[in-house]
Structures are given as C-alpha cells and as structure tokens.
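Below are the chains, spelled out letter by letter.
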Amino acid sequence: MTTTHREEHPVQQGFAGGATIGAAILLLTGGIIALLQGISAVANDDLFVVGPEYVYQLDLSTWGWIHIVLSIVAIAVAIGMFTGAAWARVSAIIIASLSIILNFLWLPYYPWWSILVIAIDIVIIWAVATWRTA
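Residues numbered from 1 in each chain as written. Predicted model: local features only at pLDDT ≥ 70, side-chain atom pairs only at ≥ 80, totals over all residues. Heavy atoms only, no water.

Caption draft 1: Structural detail: the nonpolar core. Judged by nonpolar contacts, the single largest core of 23 residues is most densely connected at Leu27, Trp63, Val77 and Met81. Contributions of two or more residues to this core are made by helix H2 (10-43), helix H3 (60-83), helix H4 (86-105) and helix H5 (111-130). It is H3 that provides the largest number of residues to this core, a total of seven residues. Sequence-distant contacts of Leu27, that is, excluding residues within four places in its chain, are made with Ala74, Val77, Ala78, Met81, Ala92, Ile95 and Ile124. (Core = buried A, V, L, I, M, F, W, Y, C linked by side-chain atoms within 4.5 Å. Buried < 20%, exposed > 50% of the residue type's maximum accessible area, 1.4 Å probe, protein only. Helix = DSSP H or I, 4+ residues; strand = E, 2+ residues; numbered from the N terminus. Contact = heavy atoms within 4.5 Å.)

As structure tokens, this is what we get:
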C-alpha cells in the first residue's frame with residue numbers, strides 16, 4: 001500500500017497549513033507596521049536615534065521609502081496568501097527574505113525590533129516552505 005506524503009505526516013501538514021495562515025497574518029501585520037515605520041521615517045527623520053558610524057548608513061528618508069515599498073508588496077502578498085494563490089507562496093518567501101536583509105541593515109535604528117522581525121520572517125519562510133497543498 002502506497003501512501004502520499006500528506007498521509008504520512010498529517011499532523012505536520014496541519015500545523016504547517018495553520019502556520020501558513022498565521023504567516024499570512026504575520027506578513028500582513030508586519031507589512032502594516034513597516035508601512036507606518038516607513039512613513040514616520042520619511043515624515044520625521046530626526047525621530048530615530050542613530051548610534052555610532054555604521055557601514056550601511058543611509059539617509060533615514062531613504063530607509064523610510066524602502067520600508068514603504070517593501071511593506072506595500074508584503075501586504076499584497078499576504079492578501080494573495082489568504083486567497084491561496086500559488087504565486088503568493090513564492091512571493092512570501094522572497095519578501096520575507098528581503099525583509100530579513102532590510103531589517104539587518106535597519107539594526108542601528110531599531111535593534112530589538114529588527115531582531116524580532118527577523119525571527120518572525122524566519123517563521124514565515126518555514127511555514128510557507130513546508131506546507132504542501134496537494
């Protein structure tokens with residue numbers, strides 16, 4: 001008797017499926033928060049305290065626009081994940097990976113927040129990558 005991968009690990013697939021919906025919610029929430037963070041960086045760039053010299057230091061307005069653009073894409077991908085679109089799963093992994101890089105570069109401005117978002121992005125990548133729909 002042959003069994004499919006889904007039958008062999010139904011608990012893992014159920015958890016990954018639920019985690020994917022959770023990942024969509026996290027991606028949507030993170031996108032909205034990043035959008036607000038980007039808007040605040042563009043609107044009032046002296047709001048953020050920058051530590052000593054940093055190799056990847058850019059103007060805060062530039063960082064704000066980068067956050068705004070990435071967050072709008074993340075929100076669109078999260079909505080696509082809720083609809084079950086296949087493109088959204090691949091896009092979610094790409095967006096979460098870009099978010100990891102962006103938040104690494106954002107470390108001097110908000111270190112604890114950046115570390116938290118990086119951890120959440122890792123969970124998003126895991127959930128989306130391990131969930132099999134068929």
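Caption draft 2: Quick look at H4. The end-to-end C-alpha distance of H4, which contains 20 residues, comes to 30 Å, matching closely the 28 Å that a straight helix rising 1.5 Å per residue would cover. For H4, the full list of buried residues reads Ala88, Ala92, Ile95, Ala96, Ser99, Leu102, Asn103 and Leu105. Down the axis of H4, the smallest arc covering the buried residues is 170°, so these residues share one side. Exposed residues pointing more than 90 degrees away from the buried face of H4 are listed as Ala86, Val90 and Ile101. (Expected span 1.5 Å × (residues − 1). Arc of directions from axis to C-beta.)

Caption draft 3: Spotlight on the side chain of Asn103. Take Asn103: it is sitting in helix H4. Setting aside residues up to four positions removed in sequence, Asn103 forms contacts with Ser114, Val117, Ile118 and Asp121.

Caption draft 4: Geometry of the packing of H3 against H4. Across the interface, H3 lies against H4 with an axial gap of 9 Å and an inter-helix angle of 155°. One finds that H3 runs roughly antiparallel with respect to H4. In terms of crossing hand, the pair formed by H3 and H4 is left-handed. Of H4, the residues touching H3 (which contributes Trp63, Ile66, His67, Leu70, Val73, Ala74, Ala76, Val77, Gly80 and Met81) are Trp87, Ala88, Ser91, Ala92, Ile95, Leu98, Ser99, Leu102 and Leu105. Looking at the contact of H3 with H4 residue by residue, the classes come out as 15 nonpolar, four polar and no charged. (Axes fitted to C-alpha atoms, helices over the stretch in contact; angles between N-to-C directions. Parallel < 35°, antiparallel > 145°, perpendicular 65-115°, else oblique. Left-handed = near helix turned anticlockwise from the far one by under 90°. Nonpolar A, V, L, I, M, F, W, Y, C, P; charged D, E, K, R; others polar.)

Caption draft 5: Fine view of the packing of H4 against H5. Where H4 meets H5, the closest approach of the two axes is 9 Å, and the angle between their N-to-C directions is 160°. The pairing of H4 with H5 is recorded here as roughly antiparallel in orientation. Every pair of crossing elements has a handedness; the one defined by H4 and H5 is left-handed. Listed contacts from H5 to Arg89, Ala92, Ile93, Ala96, Ser97, Ser99, Ile100, Asn103 and Phe104 of H4 are Ser114, Val117, Ile118, Asp121, Ile122, Ile124, Ile125, Val128 and Ala129. Split into classes, the residues belonging to the contact of H4 with H5 amount to 12 nonpolar, four polar and two charged.

Caption draft 6: Looking closely at the packing of aromatic side chains. Overall, the coordinates contain one aromatic pair when judged by the stated rule. For the ring pair Trp63 and Trp106, a centre distance of 6.1 Å and an interplane angle of 75° mean the geometry is edge-to-face. Taken as a pair, Trp63 in helix H3 and Trp106 in the loop between H4 and H5 lie far apart in primary sequence, 43 residues in all. Note on Trp63: relative accessible area 1%, which makes it buried. (Phe/Tyr/Trp six-rings, centres within 6.5 Å; stacked < 30°, edge-to-face > 60°.)

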